[in-house]
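Here are the chains, one letter per residue:
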Amino acid sequence: MPWRVLDESYGLPLVALAFGLLVGSFLNVVVHRLPRGESVIRPRSRCPACRRTIAAWENVPLLSYLWLRGRCRGCGARISARYPAVEVFTGLLFAAIAFRYGPSAMTLVWLAFAAALVAAALIDFEHRIIPDEISLGGLLVGLLAVPAVRVLEGTTPQLAYGAAFAGALLGGGILWLVGFAHARVSVLLGRTFEHWPEPGASYPRPGELDYWTWFPGMGFGDVKLFAMIGAFLGPRGALETLIAASLAGLALGLVWIALRRRADVPFGFGPAIAAGALLVLLSPYRLFLI
Ligand SMILES: [Zn+2]
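Per-chain numbering applies: the sequence of each chain, read as written, is numbered from 1 onward. Local features in this predicted model are restricted to residues whose pLDDT is 70 or higher, and side-chain atom pairs enter the listing and the counts only when it is 80 or higher, whereas totals over whole chains, interfaces and linings include all residues. With hydrogens and water set aside, each side-chain value is computed from the structure's full complement of heavy atoms.

Draft legend 1. View of the overall build of the protein chain. Counting from the N terminus, the helices are the DSSP runs of H or I reaching at least four residues and the strands are the DSSP runs of E reaching at least two. Each helix and strand counted, the protein chain has 9 helices and 0 strands in total. Across the protein chain, helices and strands are ordered from the amino to the carboxyl terminus as α-α-α-α-α-α-α-α-α. The globule rule is 2.2 Å times the number of residues to the power 0.38, and the radius of gyration it is compared with is taken over C-alpha atoms. Its C-alpha atoms give the protein chain a radius of gyration of 21 Å, within 12% of the compact-globule value 19 Å for 290 residues. In terms of its C-alpha atoms, the protein chain occupies a principal-axis envelope of roughly 65 × 55 × 35 Å. Here the protein chain holds 290 residues, and 42% of them are scored as buried. The contacts of the protein chain with a sequence gap of at least 6 include a subset with a gap of at least 24, amounting to 64%. Relative accessibility thresholds used throughout: buried, under 20% of the residue-type maximum; exposed, over 50%; partly exposed, between the two (1.4 Å probe, protein chains only). By the convention used here, residues are in contact when the closest approach between their heavy atoms is within 4.5 Å.

Here is the structure:
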């Protein structure tokens, strides 16, 4: 019997799938606690309804949700389907990355990159912020650790570090320019947004920091996230992500309008940017590192 599952090319993605389910379970904790300033390590998870501490066997990714039929064992409160959905999505994402990049040190780098993007997208969707722990922490990893791994795999240091720094500058720079230009055009046209400017306040002036960093419809967190993406994917990958993110943003916006029938899209760029970067990462062509 041809047992293809144990074939060499499927073994690694299967391991990555299991690993992704576990990481997805951890991302659920990160997404819930990081914006609230809580530790992502302690204490153990509790049922939000009855505060009962969740035992380890009730916390097995996906399986516990199915076994408990989506309800708390203590009080019977419904557990949001979002938790297993995030676990399954992360698992499939990890499997796809392992399939695309094979057994290499860079595959581990891409798994960490993808996990950071998933967390950033979910937190931005829910809270309209992207924590610096993810964007700036990821930028630091992208500028220092990623080129080091590339050098270990045979890339020259000039190319590896050059691509990371050029990508971060280009990625962050382009998105900053988009936000800055949008702000200046909005002032020219006299447009106002819900919190831009704040009620009773005037538009920021060139002498104020806000003039350079506070834009309508887009947070500076998006700029930092895009700088991180540029560090990981290089300048060409940053440009490709910009295109992919625009398309992903359009698609997400249309889905949102179809679901809620509201045109004023209430989520930021973050989810679209993360989706664009993941599309570029999984693209079957070797596009970046230039
Ligand atoms: Zn409960």
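Draft legend 2. Fine view of the environment of leucine 139. For leucine 139, the location among the structural elements is in helix H5 (residues 132–152). Assessed through its relative accessible area of 18%, leucine 139 is described here as buried. Measuring from C-alpha to C-alpha, the distance between leucine 139 and tyrosine 83 comes to 27 Å, with 56 residues separating the pair along the chain. The contact partners of leucine 139, leaving out residues within four places of it in the chain, are Ile134, Ala168, Ala227, Met228 and Ala231.

Draft legend 3. Helix H6 (residues 157–189), seen in detail. In a regular helix each residue adds 1.5 Å, so 33 residues correspond to 48 Å; H6 covers 47 Å between its end C-alpha atoms and thus fits that length. Count one or two residues on from H6 and you reach glycine 190, which has phi positive near 70 degrees. Expected helix span is taken as 1.5 Å per residue step, with the number of steps being one fewer than the number of residues.

Draft legend 4. Expanded view of the coordination of the zinc ion. Nitrogen, oxygen and sulfur within 2.8 Å of a metal are treated as its donors, or within 3.2 Å for sodium, potassium and calcium (Na, K, Ca); water is not counted, so a site can appear incomplete. For the zinc ion, the full set of protein donor atoms is Cys47 (SG), Cys50 (SG), Cys72 (SG) and Cys75 (SG), and the range of their distances to it is 2.3 to 2.4 Å. For the zinc ion, the 4 donor atoms in the first shell make angles of 104 to 115 degrees at the metal, a pattern classed as tetrahedral. Between consecutive donors of the zinc ion, the numbers of intervening residues give the motif C-x2-C-x21-C-x2-C. Here the residue cysteine 47 occupies a position in the loop between helix H1 (8–33) and helix H2 (63–67), and cysteine 75 occupies one in the loop between H2 and helix H3 (82–101), the gap between them amounting to 28 residues. Residue classification places cysteine 47 among the buried positions, given a relative accessible area of 6%. Judged by relative accessible area, cysteine 75 falls into the partly exposed class, the value being 39%. Between 85 and 135 degrees for all angles marks four donors as tetrahedral; over 155 degrees for opposite donors together with 65 to 115 for all other angles marks four donors as square planar and six as octahedral; every other arrangement is irregular.

Draft legend 5. Local environment of the pattern of salt bridges. Salt bridges are defined as contacts in which a side-chain nitrogen from Lys or Arg sits within 4 Å of a carboxyl oxygen from Asp or Glu. If you walk through the whole model with that rule in mind, you get 5 salt bridges. With its nearest N and O atoms 3.0 Å apart, the salt bridge here joins arginine 82 to glutamate 126. With arginine 82 in helix H3 and glutamate 126 in helix H4 (residues 105–127), this pair connects stretches of sequence that are 44 residues apart. A single network of salt bridges, built from pairs that share partners, joins Arg52, Glu58 and Arg73.

Draft legend 6. Spotlight on the domain arrangement of the protein chain. Domain limits in this description derive from either an automatic procedure or a database domain assignment. Partitioning the protein chain into structural domains gives domain 1 (1–103) and domain 2 (104–290). Summarising the inter-unit geometry, the C-alpha centres of domain 1 and domain 2 are found 26 Å apart. Of the residues lining the interface, 21 residues belong to domain 1; the matching set on domain 2 comes to 24 residues. Both sides together, the interface formed by domain 1 and domain 2 hides about 1900 Å², and carbon and sulfur atoms give 74% of it. Here the quantity called buried area is the accessible surface, traced with a 1.4 Å probe, that two parts lose on coming together, added over both. Among the residues of domain 1 in contact with domain 2, Ile97, Arg100 and Tyr101 are the three that bury the most area, contributing 32% of the side total. Inspection of the domain 1/domain 2 interface yields 1 salt bridge. Definition of a polar contact: a pair of N or O atoms within 3.5 Å, with one able to donate and the other able to accept a hydrogen when the atoms are protein atoms, and with sequence-neighbouring residues admitted only if both atoms are side-chain atoms. If you look at where domain 1 meets domain 2, you find 5 residue pairs in polar contact (both at pLDDT 80 or more). Only H1 and H3 provide two or more residues apiece to the side of domain 1 that touches domain 2. Gly falls in the polar group here, along with every residue not listed as nonpolar (Ala, Val, Leu, Ile, Met, Phe, Trp, Tyr, Cys, Pro) or charged (Asp, Glu, Lys, Arg). In terms of residue class, the side of domain 1 that touches domain 2 is made up of 16 nonpolar, 2 polar and 3 charged.

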